Amino acid sequence: MTVALRMTTIYYGPVINPESLTAFQALPWCLIAVGPDGNIIWLEEDVISSELDAALEQHDLFQGDYILVELKSGEFIMPGFIDTHIHACQIPNLGVGGEDQLLDWLNNYTFPTEARFKDTGYASRAYPDIVNRVINSGTTTSCYYGTLHLEATKILADVIHKKGQRAFVGKCNMDRNSPDYYVEPSAEESLESTEALIAYIQGLPLTASGEALVHPIITPRFAISCTDELLTRLGDFAETVPDIPIQTHISENRKEIEETLELFPNASSYAEVYDQFKLLRNNTVLGHGVYLTDEELELIATRGAGVAHCPASNFNLSSGMAKVGKMLDYGVKVGLGTDVSGGNNPSMLYTIQMASTTSKMVAIQSSGEEEEGTFTNNRLDTATLLYLATLGGADVCCLKHRIGSFGSGKAFDALLVSIRDDTGNPAVWGYNQDRDFIGGSDTEITEKDLKEWLQRFFYCGDDRNIRRVFVQGVLIGGQEFQG
Ligand SMILES: Nc1nc2[nH]cnc2c(=O)[nH]1
Ligand SMILES: [Zn+2]
């Protein structure tokens, strides 16, 4: 249940604010004012506690006008994670089947799991737990794939809407190369149910902020599972709704690429298949891109499409290691995706760790080779990983103006993170005699301390450290949420 906000809320304490691929702000004494509509009214970067009241009064805020949330030592606020690629319907299969590669894994494990959602009772039972799990991992915005079923995907949209998460929700379009028990009867019906889902999602009530948080997304599963007729219909339809994004998979696995190019002999590359059907554009989210060629990267950058980098899945299904640095140097928008259950964990923190590992492997393998750009063949540092998990994802979703960082007018989609002892997963490096958490020094938190807190959270944190999850200013999850 979401609760309507009535007052301005002031958050006071350490804040991490992403800025670019190479920089973020670590603000030890930050004030963020969040209005009743869940949007940030203003942000003050450097207010020591003795100046707190004066700073609020300068904004015409006097006691009684606002709720003050003061962070404890060891806590900080950062933007919520944006998962640009997740299959909600695959969470029941988490951890299973990782010995297979993509095409076998789909047939042996994934299609049977997804087929169960034909039963709307099953969907109604499964989706609330699934969405809770995602939210409690700190994901404030998800690009969700549902199954091919219209009714089950409506239920998914309902659940997300009720829980107050921000999301894009699509039903898979797939009318060939799938088992008899899990395939759409025709291209025509596939498009019809897509249009019905879009109408349904667009008809959901607006939130207290007057804004829609759940959006539709056109979801051709991947080229192999769509006939030319279906891709033609989807491309023609997409042209009539330019603001509705598109998501699909691309160049994930060698066998998949081979099969795709056989099925579409008129295209010179995988990316060109989507381009030929008018499905490659500025709001297209392409999952994986492990084997994209230079020409494809150029095409994708020219179209303004984004890539969802799914490192955990790329390891788990032995797909390969995506060259994220190279994508960035080509000017391609990149975000991170868990790709559950190709990925074996719905946590974006885990995905950050896998993205770091992937980039280190790429750097190790290419050591000695000439560097071609800022990021190519280099490991991704904390600033870049933070960007990919937040602002980069927002860019891929075309929501950079609303989410991914903090600033006046943007939505307060945020995490309250704690690395304190009492989380059960502390980052302990010192206690005073009362066993209070101390970071750096007893009294002062420095920018350097805060950067280290973020690193501790990123590289050894988990859900236990995610205490509160806010979307559009509303508390919707985290360890301290009693929903
Ligand atoms: N990882 C992954 N790749 C796909 N390609 C087509 N469908 C899927 C899927 O469900 N997961
Ligand atoms: Zn996927």
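Parameters and conventions
Residues numbered from 1 in each chain as written. Chains lettered and ligands numbered in written order. Predicted model: local features only at pLDDT ≥ 70, side-chain atom pairs only at ≥ 80, totals over all residues. Helix = DSSP H or I, 4+ residues; strand = E, 2+ residues; numbered from the N terminus. Rg over C-alpha atoms; globule rule 2.2 N^0.38 Å. Expected span 1.5 Å × (residues − 1). Bend = angle between axes of the 7 residues up to and from the residue. Buried ≥ 20, exposed ≤ 12 C-beta atoms within 10 Å, placed from the backbone. Core = buried A, V, L, I, M, F, W, Y, C linked by C-beta atoms within 7 Å. Domains from an automatic or database assignment. Pairing = 2+ DSSP bridges. Near = placed C-beta within 6 Å. Nonpolar A, V, L, I, M, F, W, Y, C, P; charged D, E, K, R; others polar. Axes fitted to C-alpha atoms, helices over the stretch in contact; angles between N-to-C directions. Left-handed = near helix turned anticlockwise from the far one by under 90°. Contact = placed C-beta atoms within 7 Å.

Within the protein, the regular secondary structure consists of 14 helices and 18 strands. In terms of C-alpha radius of gyration, the protein reaches 22 Å, essentially the compact-globule figure of 23 Å for 483 residues. Its C-alpha atoms give the protein principal-axis dimensions of about 70 × 55 × 35 Å.

Let's shift gears to unusual backbone geometry. Along the chain, V340 connects to S341 via a cis peptide bond; the corresponding omega equals 5°. With respect to the element layout, S341 can be found in the loop between strand 15 (333-336) and helix 12 (348-365). For N377, which is not glycine, the phi dihedral falls at a positive 65°. Mapped onto the elements, N377 comes out in the loop between helix 12 and helix 13 (382-396).

The end-to-end C-alpha separation of helix 3 (residues 120-136) is 24 Å, in line with the 24 Å expected for 17 residues at 1.5 Å each. Approximately 30° is the largest bend angle found in helix 3, and it occurs at A126, with the proline P128 only one to four residues beyond. What helix 3 keeps buried is the set A123, A126, Y127, I130, V131, V134 and I135. Directly after helix 3, the chain includes G138, whose backbone phi takes a positive value near 95°.

Counting 134 residues, the largest nonpolar core has I32, A88, Y127, Y144, L156, V169 and A389 as its most contacted members. Residue assignment places this core across two domains, with domain 1 (9-79 + 405-477) and domain 2 (81-397) each supplying three or more.

Residues in a regular strand project their side chains so that they alternate between the two faces of the sheet. Of all 5 residues in strand 5 (residues 75-79), 5 are buried; the element is thus mostly enclosed. Two elements, strand 5 and strand 16 (residues 414-418), share 5 bridges in a ladder whose sense is antiparallel. Across the sheet, the residue bridging to F76 is V417, located in strand 16.

Lining the immediate environment of ligand 1, one finds H87, L102, L106, T110, R221, F222, H249, E252, S313, D339 and G342. Of all the elements, helix 2 (residues 102-115) adds the most residues to the shell around ligand 1, at 3 residues. Its residues placed into classes, the shell around ligand 1 shows 3 nonpolar, 5 polar and 3 charged.

A pair of packed helices can be characterised by two numbers: the angle between their axes and the separation between those axes. Put simply, helix 5 (residues 187-202) and helix 6 (residues 228-240) touch, their axes get as near as 9 Å, and they point 30° apart. Like other packed secondary-structure pairs, helix 5 and helix 6 cross with a definite hand, here right-handed. Contacts from A187, S190 and L191 in helix 5 reach E229, L230, R233, L234 and F237 in helix 6. For the contact of helix 5 with helix 6, the per-class residue count stands at 5 nonpolar, 1 polar and 2 charged.

Turning our attention to the pairing of strand 2 (residues 24-34). The buried fraction of strand 2 is high, at 9 of 11 residues. With 9 bridges connecting them, strand 1 (residues 8-18) and strand 2 associate as antiparallel partners. Its bridge partner being in strand 2, Y12 is matched across the sheet by L31. Following strand 1, the chain reverses through 5 residues before pairing antiparallel with strand 2.

Looking at the element boundaries, F315 is found in helix 10 (residues 311-316). Each C-alpha atom of the pair F315 and T358 lies 8.7 Å from the other, and the pair is 43 residues apart in sequence.

The next thing to look at is the domain arrangement of the protein. According to the domain assignment, the protein contains domain 1 (9-79 + 405-477) and domain 2 (81-397). For domain 1 and domain 2, the distance between their C-alpha centres works out to 31 Å. Taken together, the contact between domain 1 and domain 2 spans 27 residues of the former and 29 residues of the latter. Of all the secondary structure elements, the ones that give two or more residues to the side of domain 1 that touches domain 2 are helix 14 (447-460), strand 17 (466-471) and strand 18 (474-477). At 4 residues, helix 14 tops the list of elements feeding residues into the side of domain 1 that touches domain 2. Residues that form the side of domain 1 that touches domain 2 fall into these classes: 14 nonpolar, 9 polar and 4 charged.

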